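Below are the chains, spelled out letter by letter.
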Amino acid sequence: MAPSAEKKLTGLVAATFTPFTPQGEVNLAEIGPYIDYLIEKQGVHGIFVNGTTGESMSLTVAERKILAEDWCQKARGKLDQVIVHVGCMSLKDAKELAGHAAQIGADAIAVMAPFFFKPRTADALRSFLQEVASAAPNLPFYYYHIPAVTGVNVPVRDVLEGVEELIPSFRGVKFSGIDLMDFGQCVSDSPPHWSFLYGMDEQLLAALAMGADGAVGSTYNYAGCHFNKLISAFKEGHVVQARKIQFKMQELLSYAMKLGFDVGVNKQLMNELSGLSLGPPRLPVTPCPFAHALLIVKKYHHVFTDS
Ligand SMILES: CC(=O)N[C@@H]([C@@H](O)[C@H](O)[C@H](O)CO)[C@@H](O)CC(=O)C(=O)O
């Protein structure tokens with residue numbers, strides 16, 4: 001039986017970092033405090049685990065299961081949504097993780113396109129997604145579009161053609177691309193029970209104007225409190241106010257990008273701003289030089305002083 005159709009996903013969803021010990025092992029002890037931090041300090045009530053920010057492709061299947069289970073268990077009764085990303089290069093691994101997500105009580109699953117052997121057509125990609133979804137037919141299913149990372153540039157509007165007939169649990173897209181025309185066409189042609197979650201934090205306001213229901217991103221881990229204000233301002237029709245917050249975030253990110261913004265830098269920024277001990281990234285991502293992290297933290301405080 002497909003999941004019920006009525007519940008839309010809205011608001012901010014933090015794409016979580018995977019906590020590691022200084023030695024690089026999964027560190028479950030930080031997950032509880034991490035969840036409390038998101039709720040209390042950022043006003044964020046949804047998480048997207050084992051995604052890009054969570055370095056899923058550098059984790060083993062066993063590690064991804066342990067992490068997903070712990071996030072789900074500790075989030076129960078605290079967070080509104082735990083979406084588990086189960087995409088893998090191997091269809092079999094992805095199906096195994098999808099089935100596991102259903103067993104542990106995840107609220108939804110998401111799948112990015114495999115990117116070693118890339119699907120060349122919307123048909124091939126849909127078939128892959130259908131197979132994965134079939135392992136968890138009762139869980140809401142989201143396609144995770146992140147072309148800059150996967151190199152899979154199949155327009156999402158093509159992927160969505162006839163998708164719910166193949167995947168009855170299909171409920172929307174996590175769209176981490178910059179093509180707002182593709183995004184707009186997806187939104188305009190979609191049934192009301194699908195949700196569109198935008199994933200380029202630097203231009204969320206534009207996606208809200210285009211009809212995004214919510215947002216999944218890495219910076220909501222430490223700047224969710226500002227983005228919540230952006231969303232409220234947008235909803236109340238105060239576009240100039242919303243734009244001011246978006247521009248601040250753009251100023252911060254362009255500064256960080258000049259210093260080489262990647263998951264390692266982002267994770268260190270989160271460590272510094274939250275006080276959590278999420279450890280270093282895993283190779284091939286290298287740790288952020290300490291001096292760079294401090295400069296970006298300083299910039300963060302400078303940019304958001306009056307917010
Ligand atoms: C490529 C990348 O990591 N994109 C981030 C963004 O939140 C991104 O960090 C942000 O927009 C800054 O560029 C998210 O879309 C990724 C994400 O949601 C995930 O971790 O799965």
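Residues numbered from 1 in each chain as written. Predicted model: local features only at pLDDT ≥ 70, side-chain atom pairs only at ≥ 80, totals over all residues. Heavy atoms only, no water.

**Observations concerning the site of the ligand**
Then step 1. Residues in contact with the ligand amount to 19 residues; listed here are only the nearest, T53, Y144, K174, G199 and E202.
Then step 2. For the ligand, an oxygen atom lies 2.8 Å from a polar atom in the side chain of S176.
Then step 3. Within the contact set of the ligand, an oxygen atom lies 2.9 Å away from a backbone nitrogen or oxygen of D201.
Then step 4. The fraction of the free accessible surface of the ligand (490 Å²) that becomes covered by protein chains is 87%.
Then step 5. At the level of secondary structure, the elements contributing two or more residues to the shell around the ligand comprise β8 (214-217) and α11 (239-258).
Then step 6. Residues that form the shell around the ligand fall into these classes: nine nonpolar, seven polar and three charged. (Near = heavy atom within 4 Å. Polar contact = N/O pair within 3.5 Å; in protein donor to acceptor, adjacent residues only side chain to side chain. Areas by Shrake-Rupley, 256 points an atom, 1.4 Å probe, with all protein chains shown as cover. Helix = DSSP H or I, 4+ residues; strand = E, 2+ residues; numbered from the N terminus. Nonpolar A, V, L, I, M, F, W, Y, C, P; charged D, E, K, R; others polar.)

**Some points on the environment of T150**
Then step 1. Looking at the element boundaries, T150 is found in helix α5 (residues 147-150).
Then step 2. In this structure, the C-alpha to C-alpha distance between T150 and A113, residues 37 residues apart in sequence, is 6.8 Å.
Then step 3. Non-local contacts of T150, meaning those with residues more than four positions away in its chain, are made with M112, A113, F115 and K118. (Contact = heavy atoms within 4.5 Å.)

**Notes on the packing of aromatic side chains**
Then step 1. Evaluation of the coordinates by the stated rule reveals twelve aromatic pairs.
Then step 2. Considering the side-chain rings of F141 and F170, the 6.3 Å spacing of their centres and the 40° angle between planes classify their relative orientation as tilted. Within this pair, whereas F141 is found in strand β5 (residues 141-145), its partner F170 is found in strand β6 (residues 170-175), the two being separated by 29 residues in sequence. Comparing F141 with F170, the two get one shared label, buried.
Then step 3. Between F183 and Y198, the aromatic rings sit 5.3 Å apart at their centres with planes inclined by 65°, giving edge-to-face as the arrangement. Of this pair, F183 sits in helix α8 (residues 180-188) while Y198 sits in strand β7 (residues 195-198); the two residues are 15 residues apart in sequence, bridging distant segments of the chain. Pair check on accessibility: F183 and Y198 agree, each one buried.
Then step 4. What links up through ring pairs into an aromatic cluster is the set F175, F183, F196 and Y198.
Then step 5. Taking NZ or CZ as reference, K174 lies 5.2 Å from the ring centre of F48, over its face. (Phe/Tyr/Trp six-rings, centres within 6.5 Å; stacked < 30°, edge-to-face > 60°. Buried < 20%, exposed > 50% of the residue type's maximum accessible area, 1.4 Å probe, protein only. Lys NZ or Arg CZ within 6 Å of the ring centre and 35° of its normal.)

**As for the confidence of the model for the chain**
When pLDDT is low, close inspection of the predicted coordinates is not appropriate.
Then step 1. Taken over all residues, the pLDDT of the chain has a mean of 96, while the share at 70 or more is 98%.
Then step 2. Among the scores for the predicted complex, ipTM is 0.98 and pTM is 0.97. (pLDDT = per-residue confidence, 0-100.)

**Thoughts on helix α2 (residues 61-75)**
Then step 1. End to end, α2 covers 21 Å across 15 residues, agreeing with the expected 21 Å (1.5 Å per residue, within 8%).
Then step 2. Looking at α2, one finds that the buried residues are V61, E63, R64, L67, A68, D70, W71, C72 and A75.
Then step 3. Looking at the packing, one finds that the buried side of α2 touches α1 (31-42), β2 (46-49), β3 (81-85) and α3 (91-103).
Then step 4. Positioned one or two residues after α2, G77 has a phi angle of 80°, which is positive. (Expected span 1.5 Å × (residues − 1).)

**Quick look at a nonpolar patch on the surface**
Then step 1. A contiguous nonpolar surface patch, about 480 Å² in accessible area, is contributed by M57, M89, F116 and F117.
Then step 2. Mapped onto the elements of the fold, M89 is located in the loop between β3 and α3. (Patch = residues over 30% accessible without salt bridge, like charges linked within 9 Å, V, L, I, M, F, W, Y side chains within 5 Å. Salt bridge = Lys/Arg side-chain N within 4 Å of Asp/Glu carboxyl O.)

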